[in-house]
Amino acid sequence: MYRMLLIFLFSTFVLFSYTAFAETNQLNNEEVLIGKPGDPSQVSRTIKLALLDNMFLPPEITVSEGETIKFVLKNLGNNTHHFLMGSVDDLKKAASTKRKNEHLIRVKPSEEKELIWQFTKVGTINFACPIRDHFKTMRGKIIVKK
Ligand SMILES: [Cu+2]
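Residues numbered from 1 in each chain as written. Predicted model: local features only at pLDDT ≥ 70, side-chain atom pairs only at ≥ 80, totals over all residues. Heavy atoms only, no water.

### Focus: the overall build of the protein
What counts is decided by this rule: A run of DSSP states H or I qualifies as a helix once it reaches four residues; a run of E qualifies as a strand once it reaches two. Both are numbered from the N-terminal end. A 1.4 Å probe rolled over the protein chains alone gives each residue an accessible area, and that area as a share of the maximum for its type sets the label: buried under 20%, exposed over 50%, partly exposed in between. We call two residues contacting when some pair of their heavy atoms lies within 4.5 Å. Only the protein chains shown count as cover for residues, with accessible areas throughout obtained via the Shrake-Rupley method and a probe of 1.4 Å.
When you go through the protein residue by residue, the secondary structure sums to two helices and ten strands. When the helices and strands of the protein are listed from N to C terminus, the series reads α-β-β-β-β-β-β-α-β-β-β-β. For the protein, the proportion of its 146 residues judged to be buried stands at 32%. Taking as baseline every contact in the protein between residues at least 6 positions apart, the subset at least 24 positions apart corresponds to 74%. Summing over all exposed atoms, the protein offers an accessible surface of approximately 9,800 Å²; the carbon and sulfur share of this is 57%.

### Things to note about the pattern of salt bridges
Counted only if it meets this: Just to be clear on terms, a salt bridge is a Lys or Arg side-chain nitrogen sitting within 4 Å of an Asp or Glu carboxyl oxygen.
All chains considered together, the criterion is met by three salt bridges. The salt bridge partner of arginine 45 is glutamate 67, with a shortest N-O separation of 2.8 Å. Separated by 22 residues along the polypeptide, arginine 45 in strand β2 (residues 43-52) and glutamate 67 in the loop between β4 (60-64) and β5 (68-75) bring together distant segments of the chain. Residue class for glutamate 67 comes out buried when judged on its relative accessible area of 13%. For lysine 146, the salt bridge goes to glutamate 65, with nearest N and O atoms at 3.1 Å. Remark: glutamate 65 occurs in the loop between β4 and β5 and lysine 146 occurs in the segment after β10 (139-145); sequence separation between them is 81 residues.

### Overview of the environment of aspartate 53
Our working definition: In protein, a polar contact means a hydrogen-donor-capable atom and an acceptor-capable atom, both N or O and within 3.5 Å, with residues adjacent in sequence counting only if both atoms are side-chain atoms; elsewhere, any N or O pair within 3.5 Å suffices.
Among the structural elements, aspartate 53 can be located in the loop between β2 and β3 (55-57). Each C-alpha atom of the pair aspartate 53 and glycine 77 lies 5.1 Å from the other, and the pair is 24 residues apart in sequence. What aspartate 53 contacts, discounting residues up to four positions off in sequence, is Gly77, Asn78, Asn79 and His81. A polar atom in the side chain of aspartate 53 sits 2.7 Å from the backbone nitrogen of asparagine 78. At 2.6 Å, the side chain of aspartate 53 and the side chain of histidine 81 are in polar contact.

### With respect to the coordination of the copper ion
Let me state the cut-off plainly: Only nitrogen, oxygen and sulfur atoms count as donors, using a 2.8 Å cut-off from the metal that widens to 3.2 Å for Na, K and Ca. Water is left out, so coordination shells may look unfilled. Sites are called tetrahedral only when four donors show all angles between 85 and 135 degrees, square planar or octahedral only when four or six donors show opposite pairs over 155 degrees and all other angles between 65 and 115, and irregular in any remaining case.
Distances from the copper ion to its protein donors, namely His81 (ND1), Cys129 (SG), His134 (ND1) and Met138 (SD), fall within the range 2.0 to 2.7 Å. For the copper ion, the four donor atoms in the first shell make angles of 83 to 139 degrees at the metal, so the coordination geometry reads as irregular. Spacing between the donor residues of the copper ion along the chain follows H-x47-C-x4-H-x3-M. Given a relative accessible area of 0%, cysteine 129 falls into the buried group.

### Remarks on the nonpolar core
Short version of the rule: To qualify as a nonpolar core, a set must consist of buried Ala, Val, Leu, Ile, Met, Phe, Trp, Tyr and Cys residues joined through side-chain atoms within 4.5 Å.
Residues Phe71, Phe83, Met85, Phe119 and Ile142 are the most contacted members of the largest nonpolar core, which totals 23 residues. Of all the secondary structure elements, the ones that give two or more residues to this core are β2, β4, β5, β6 (81-86), β7 (105-107), β8 (112-118), β9 (123-128) and β10. Once residues lying within four places of it in the same chain are set aside, the contact partners of isoleucine 142 are Ile61, Val63, Phe71, Met85, Phe119, Gly123, Thr124, Ile125 and Phe127. In terms of nonpolar packing, the next biggest core, distinct from the first, is built from seven residues, Leu91, Ala95, Ala128 and Phe135 among them.

### Some thoughts on the pairing of β2
For clarity, the cut-off: For two strands to pair, DSSP has to find at least two bridges joining them.
Where β2 and β5 come together, eight bridges link them in parallel fashion. Paired with leucine 49 across the strands is leucine 73, a residue of β5. In terms of strand pairing, β2 meets β3 through three bridges, oriented antiparallel. Bridge pairing links leucine 51 to phenylalanine 56 in β3.

Laid out in structure tokens, this is it:
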């Protein structure tokens, strides 16, 4: 009987720690992937990113770990385009569903939008226009170096 109680307590503990771990891990993963909204007083550079039909210019951007960038997203095309950062999987999901994404930025033709973003971890961040017909070619990369 005593042994049963011990086993019960132990499995409860394992289950509890696993749940706690899973939650923290999820938060960390998101931060590893894209960084976070930046503080406007910490901006070190402004990077212009043109949205064309159907590509981004430049398609590859290099930043430093910890750096806060002000992106100026200018739509030079004739169609509305979106800008979204994430992993390739996140972007594919965004392109195949109509679910709202809080980080998605819509830019209409000849419109200009700003995004202040801090890159917190070394790695490669993908970005894309997740509109279905644009998604194949409208992709880019942000390389976060040490
Ligand atoms: Cu587009």
